[in-house]
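Residues per chain are reported as follows:
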Amino acid sequence: MKFGLMYEIQIPEPHHPGIEAERYKQVLAQVDLADEVGFEYFWTVEHHFLREFSHCSAPEVLYGAISQRTKRIRIGHAVALLPSQYNHPVRVAERAAVLDILSDGRMELGTGRSTTLIEMDGFEVDPAQTQAQWNEAIRMIPKMWTEDPFSHQGEFFNIPERSVIPKPVQQPHPPMWVACSQPDSFRRAGEQGLGVLCFNLGGYAQMEERVAAYREAIKNANPVGSFVNDQVAALCIVHCGEDGEEARRVGGPEGAWFVQMAENLYAPWAGREVPDSYKFAVDAIQTERVDKTAQDHLDSGAFAMGTPDEIIEVMKKYQEAGVDQVLCFVQPGNLSHTRIMDSIKLMGKHVIPYFK
């Protein structure tokens, strides 16, 4: 099983002048260390307008900086938003190709359609159209990387013959992933030959059934790209320390803050008509996470906090559930930079080698 770092770039209030610059420098230092100690992936979200919860609105700029500071770690979108008001698919393909060149072939493209009205309303995105826009765009992008010239006529996009340049280094193209939450989305990801990025925080027990549905569907995949990316990555909030009790005492409340803030993002859906494609996500926030304590999340494996040996026991459960990569969320809430760096070191020294 592989291990990646997953970031929102969280900055809880109060905010002092220069705190965003400070936090970005900390993230760069953390990924430098992760590259050295054996983490295989670095992922960030693309989010907009989400004060405190995520200050990562231009991840492709961050990736460019990381590509020049690191040597091994793979750099991935988790995820690039494909409704055209956020990102036209041509621009997604172009930026991904440039990153692949600059990183010497370490780019991974995860995509999604956005789930919060805070963001969709801000960009004038119609929630009822995001699924259809994503479906059309996801089939266009790999063709832009492999065909020259490229052209497309569809429901949302009409592009005459054009050379979409540059082309990526990886052949035939970089691996492609999609954000998944509901069981049906795991099945669709398998049918489309896409890797799964699961951000549910449902723990390892929830993953077993969904991974099984994905593996069954991928047997007969009709991939949107040139190959099948048969991988499942699952989010887990991680804090590793020499003293397990202290790690849980310090990390637990910060993880609980993350969960509460994530729930709050869905409040604007109240009183609005929820399209069928969003009902599961909105309902899940209200049923899977609401009123749960940090201990509840520790019990389910949604949080892995403790000594390296305790973390290993949790990760073994994810491995048994069929997960290929754990997305280690090491920066919840106001967890200090020093503690995050120490956690990354311990993971690299003890946890990652166990799974090699």
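For the structure, see preceding data.
Residues numbered from 1 in each chain as written. Predicted model: local features only at pLDDT ≥ 70, side-chain atom pairs only at ≥ 80, totals over all residues. Heavy atoms only, no water.

Before going further, it helps to spend a moment on the packing of aromatic side chains. Under the criterion given, the structure shown has twelve aromatic pairs. Ring plane angle 50° and centroid distance 4.8 Å describe the contact between Tyr86 and Phe123, whose orientation is recorded as tilted. With Tyr86 in the loop between β4 (80–81) and α3 (89–102) and Phe123 in the loop between α4 (117–122) and α5 (130–146), this residue pair connects regions lying 37 residues apart in the sequence. Residue classification places Tyr86 among the buried positions, given a relative accessible area of 9%. Phe123 sits in the partly exposed class, given a relative accessible area of 25%. Ring geometry for Tyr354 versus Phe355: centroids 5.0 Å apart, planes at 70°, classification edge-to-face. A relative accessible area of 10% means that Phe355 is categorised as buried. An aromatic cluster is built from Phe3, Tyr354 and Phe355, whose rings are joined through pairwise contacts. Lying across the ring of Tyr278, Arg113 places its NZ or CZ 4.1 Å from the centre. (Phe/Tyr/Trp six-rings, centres within 6.5 Å; stacked < 30°, edge-to-face > 60°. Helix = DSSP H or I, 4+ residues; strand = E, 2+ residues; numbered from the N terminus. Buried < 20%, exposed > 50% of the residue type's maximum accessible area, 1.4 Å probe, protein only. Lys NZ or Arg CZ within 6 Å of the ring centre and 35° of its normal.)

Tallied over the entire structure, the rule returns 17 salt bridges. Here Arg91 ties to Glu94 by a salt bridge, and the two come within 2.8 Å at their closest N and O atoms. Residue Arg91 and its partner Glu94 are both found in helix α3; the two are separated by three residues, about one turn of the helix. The structure contains a network of salt bridges with shared partners spanning Asp184, Arg187 and Glu191. (Salt bridge = Lys/Arg side-chain N within 4 Å of Asp/Glu carboxyl O.)

Glancing now at the environment of Gln331. Here Gln331 is to be found in the loop between β12 (325–329) and α12 (337–354). Given the relative accessible area of 3%, Gln331 is considered buried. On a C-alpha basis, the gap between Gln331 and Gln30 in space is 9.9 Å, while along the polypeptide they are 301 residues apart. In contact with Gln331, other than residues within four places in its own chain, are Tyr7, Ile9, Gln10, Arg23 and Ile340. At a separation of 2.8 Å, a polar atom in the side chain of Gln331 contacts the main-chain carbonyl oxygen of Gln10. (Contact = heavy atoms within 4.5 Å. Polar contact = N/O pair within 3.5 Å; in protein donor to acceptor, adjacent residues only side chain to side chain.)

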